[in-house]
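# Examining the three-dimensional arrangement
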Amino acid sequence: MTSQREKSQIAWFDIPCRDIDRAIGFYGAVLGCHIQKDSPAPGFEMGVLPHEGESVGGCLVASPNEQPSDAGVLIYLNCHGRLDEAIARVEPNGGFV
């Protein structure tokens, strides 16, 4: 059986921020939801946006390597079960691996 995550073209997203508490307050108020704060590693904090089961999820990310910019969010695309095929299509279409 195919899960919802396998059907979706987007698997996850990261929204970079400088101040995790401020970002959690802002996005929680704007989206009308509770955002769960987590600190999985020293110097790395995140706020996980609510999602259920296999649905697409995302988080706010605050770390020295992640800075907000005009480049926007980081989106993780889904190639579940077809990664080799997707990689083989990168260079012929102008990308690089």
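The preceding data block contains the structure.
Residues numbered from 1 in each chain as written. Predicted model: local features only at pLDDT ≥ 70, side-chain atom pairs only at ≥ 80, totals over all residues. Heavy atoms only, no water.

### Comments concerning helix α2 (residues 20-31)
In a regular helix each residue adds 1.5 Å, so 12 residues correspond to 16 Å; α2 covers 16 Å between its end C-alpha atoms and thus fits that length. On the buried face of α2, the contacting elements are β2 (36-41), β3 (44-48) and β4 (57-62). For α2, the N-terminal cap is Asp19; the gap from its side-chain oxygen to the backbone nitrogen of Asp21 is 3.2 Å. Positive phi shows up at Gly32, right after α2, with a value of about 65°. (Helix = DSSP H or I, 4+ residues; strand = E, 2+ residues; numbered from the N terminus. Expected span 1.5 Å × (residues − 1). Contact = heavy atoms within 4.5 Å. Polar contact = N/O pair within 3.5 Å; in protein donor to acceptor, adjacent residues only side chain to side chain.)

### Overview of the environment of Asp19
Structurally, the position occupied by Asp19 is in the loop between β1 (10-16) and α2. C-alpha of Asp19 to C-alpha of Val61: the two residues are 42 residues apart in sequence and 9.1 Å apart in space. A distance of 3.2 Å separates a polar atom in the side chain of Asp19 from the backbone nitrogen of Asp21. A distance of 3.0 Å separates the side chain of Asp19 from the backbone nitrogen of Arg22, its partner in a polar contact.

### Thoughts on the pairing of β3
In this structure, β2 lies alongside β3, joined through four bridges in antiparallel fashion. Directly across from Lys37, in β3, lies its bridge partner Gly47. The antiparallel pairing of β2 with β3 creates a hairpin that spans two residues between the two strands, and Gly43 there sits at a positive phi of about 80°. (Pairing = 2+ DSSP bridges.)

### A word on the pattern of salt bridges
Within this structure, the stated rule accounts for four salt bridges. In this structure, Asp21 engages Lys37 in a salt bridge whose closest nitrogen and oxygen atoms are separated by 2.8 Å. Of this pair, Asp21 sits in helix α2 while Lys37 sits in strand β2; the two residues are 16 residues apart in sequence, bridging distant segments of the chain. What makes Asp21 partly exposed here is its relative accessible area of 46%. Notably, a salt bridge pairs Glu45 with Lys37, separated by 3.7 Å at the nearest N-O pair. With a relative accessible area of 34%, Lys37 lands in the partly exposed category. Taken together, the salt bridges that share partners define one network made up of Asp21, Lys37 and Glu45. (Salt bridge = Lys/Arg side-chain N within 4 Å of Asp/Glu carboxyl O. Buried < 20%, exposed > 50% of the residue type's maximum accessible area, 1.4 Å probe, protein only.)

### Overview of the side chain of Asn78
With respect to the secondary-structure elements, Asn78 resides in the loop between β5 (74-77) and α3 (83-88). By relative accessible area, which is 12% here, Asn78 ends up buried. Looking at Asn78, its side chain comes within polar contact range of the main-chain nitrogen of His80, at 2.7 Å.

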